[in-house]
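# Chains, contacts and geometry: an overview
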Amino acid sequence: MPAFNRVIEVLLTVMYIYRTVKSRLSFNNRIFRRFAVFITQDNDINRQYARESLTRYAGLQRELARSASSFVSATDAAALAETIDRTLERIGGAASGERAVLRLFEEKVPLERHFFEWCAEGVQYLGDPEAGNPEKFGAREWREQFVSGEPVVASHITELPRKLSSERERLERNGIRSVCAAPILDEHGAAFGLVGFATESFSNQWSSAEIEIVQTLAATVASALLRLRLEHRVHRTSVRLRETLDGTGAATWSWNVQTGSVTIDERWAEMLGYSVAELKPVTIETWKQLTEPGDLERAEVALQAHFEGRRERVITSGLSKVTVTLSSKTSISASYVSVMAHSSS
């Protein structure tokens, strides 16, 4: 009898173990199936996110490429401002942000406006709340932050660097929740503006594609602004030079040594009783034909010394200046002028 009872006890234990294992296996199987479904859904989400990111990146690249030629062809401040507005609309519309902004810190930049903004549908334009006072906008803080030349990326506004604490408060007051901004750098690497995306209704995880695009856009804008500023400087210098020449009655001419072509102004021809049209085509031979033989010989000696490196300049101030006599239209011995030889490479 005890042996029988022992057998029954073993059988019951085996049955209990079997049921327990079966139950656990069934539970684990359900967990595995749920986990597999979760993984599949997660992979689907990742694939969808990857597809959206690639599509967005392609769109951003396409819009930036469309705008690049406009930046190159913008020859004045009005055209450049129009290009910036159009580009922010294109790039902002293709990005995941709700607002695209370009802000310049310096008044000396040759644009009438220093604040440009695009907003998605339903998002209110802020305008330039600090018009006329760049420092209130936080220009100093942004300059200090951009010393490294790196962009500022914050998926939530609280992630902004400590250097931008005042800016963070200002942006929070305006409802900004996330920011992606890149510096507009001058030829010395100092920031004089920024280009950025922002969101209000959600915290955004800015993709590497969007960060790259905002940096590229900032560099493109910087190049266009610096070119325009340089052209303004050249124009002002040219105006001052022309005013000086007109005031002194001086004439100018240039000589391309390689081609032999010579460019003269009306004053140069007028001093000899001609017009530029009468002397065309103007070459170095024109000058030789109008120069007195004795003076021509001395000038050619001086030119040769210059070409051989034995004389730094053909014309210098003081006693070493080479003066030649040119034949006037009305009198061979009339005009004495200082000849300036300019060799263009």
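Everything quoted here is computed from the prediction, not taken from an experiment.

### Here's the deal with the overall build of the protein
Along the backbone of the protein there are nine helices and nine strands. Buried residues in the protein amount to 37% of all 345 residues. Here the contacts in the protein between residues at least 6 apart in sequence split such that 57% fall between residues at least 24 apart. Here the protein has roughly 20700 Å² of accessible surface; of this, 55% comes from carbon and sulfur atoms.

### What about the pattern of salt bridges?
Scanning the model with the defined rule gives 14 salt bridges in all. The salt bridge involving D85 is made with R113; its shortest N-O contact spans 2.7 Å. Here R113 lies in the loop between strand 1 (99–104) and strand 2 (115–119) and D85 lies in helix 2 (residues 77–94), a separation of 28 residues in the sequence. Here R242 makes a salt bridge to D246, at a shortest N to O gap of 3.4 Å.

### Here's the deal with the confidence of the model for the protein
Confidence along the protein averages 75 in pLDDT terms, with 68% of residues attaining 70 or more. With pLDDT under 50 throughout, residues 316–322 is counted as low confidence; its partners more than four residues away or in other chains account for 12 contacts. Below pLDDT 50 for its whole length, residues 330–345 participates in 43 contacts with residues either more than four positions away or in separate chains.

### Focus: unusual backbone geometry
The omega torsion of the bond from K280 to P281 falls at -5 degrees, within 30 degrees of zero and hence cis. Counting through the fold element by element, P281 comes out in the loop between helix 7 (276–279) and helix 8 (284–290).

### Remarks on the packing of helix 2 against helix 5 (residues 208–248)
Close contact between helix 2 and helix 5 brings their axes to 11 Å; oriented N to C, the two are set at 175 degrees. Relative to helix 5, the element helix 2 is oriented roughly antiparallel. Along its contact with helix 2, which presents A77, L80, T87, L88 and I91, the element helix 5 presents I213, L217, A224, L225 and L228. Looking at side-chain class alone, the contact of helix 2 with helix 5 contains nine nonpolar, one polar and no charged residues.

### Some words on the environment of D186
In this fold, D186 is placed in the loop between strand 4 (178–185) and strand 5 (191–199). Its relative accessible area of 17% is what places D186 among the buried residues. Separated by 37 residues in sequence, D186 and S223 have C-alpha atoms that sit 8.3 Å apart. Leaving out residues up to four positions away in the same chain, D186 has contacts with F192, L226 and R229. Only 2.8 Å separates the side chain of D186 from the backbone nitrogen of H188, close enough to count as a polar contact.

### Notes on helix 2
Between its first and last C-alpha, helix 2 extends 26 Å over 18 residues, near the 26 Å set by a 1.5 Å rise per residue. Listing the buried residues of helix 2 in full gives L80, A81, T83, I84, T87, L88, R90, I91 and G92. At the N-terminal end of helix 2, a side-chain oxygen is found 3.2 Å from the backbone nitrogen of A78, two or three residues along, and the residue is D76.

### Considering the packing of aromatic side chains
Taken as a whole and judged by the stated rule, the model has four aromatic pairs. Both rings, one in W255 and one in F307, keep their centres 6.2 Å apart while their planes meet at 65 degrees; by these two values the pair is edge-to-face. Highlighted residues: W255 in strand 6 (residues 253–255) and F307 in helix 9 (residues 293–307), separated in sequence by 52 residues. With relative accessibility at 9%, the residue W255 sits in the buried group. One Lys or Arg, R229, reaches over the ring of F192 and ends 5.8 Å from the middle of that ring.

### Considering the sheet that holds strand 3 (residues 152–154)
Here we have five strands laid out as an open sheet, ordered 2-1-5-4-3, and antiparallel in their pairing. Only two strands of the sheet have a single neighbouring strand rather than two, namely strand 2 and strand 3. Taking the axes of each pair of neighbouring strands and ignoring which way they run, one obtains an average angle of 10 degrees across the sheet. Strands strand 1, strand 2 and strand 5 of the sheet are contacted by helix 2, whose axis makes an angle of about 30 degrees with strand 2. On top of the sheet, helix 5 reaches strand 1, strand 3, strand 4 and strand 5; it is set at about 30 degrees to strand 4, its chief contact.

Cut-offs and rules
- Residues numbered from 1 in each chain as written.
- Predicted model: local features only at pLDDT ≥ 70, side-chain atom pairs only at ≥ 80, totals over all residues.
- Heavy atoms only, no water.
- Helix = DSSP H or I, 4+ residues; strand = E, 2+ residues; numbered from the N terminus.
- Buried < 20%, exposed > 50% of the residue type's maximum accessible area, 1.4 Å probe, protein only.
- Contact = heavy atoms within 4.5 Å.
- Areas by Shrake-Rupley, 256 points an atom, 1.4 Å probe, with all protein chains shown as cover.
- Salt bridge = Lys/Arg side-chain N within 4 Å of Asp/Glu carboxyl O.
- pLDDT = per-residue confidence, 0-100.
- Axes fitted to C-alpha atoms, helices over the stretch in contact; angles between N-to-C directions.
- Parallel < 35°, antiparallel > 145°, perpendicular 65-115°, else oblique.
- Nonpolar A, V, L, I, M, F, W, Y, C, P; charged D, E, K, R; others polar.
- Polar contact = N/O pair within 3.5 Å; in protein donor to acceptor, adjacent residues only side chain to side chain.
- Expected span 1.5 Å × (residues − 1).
- Phe/Tyr/Trp six-rings, centres within 6.5 Å; stacked < 30°, edge-to-face > 60°.
- Lys NZ or Arg CZ within 6 Å of the ring centre and 35° of its normal.
- Pairing = 2+ DSSP bridges.

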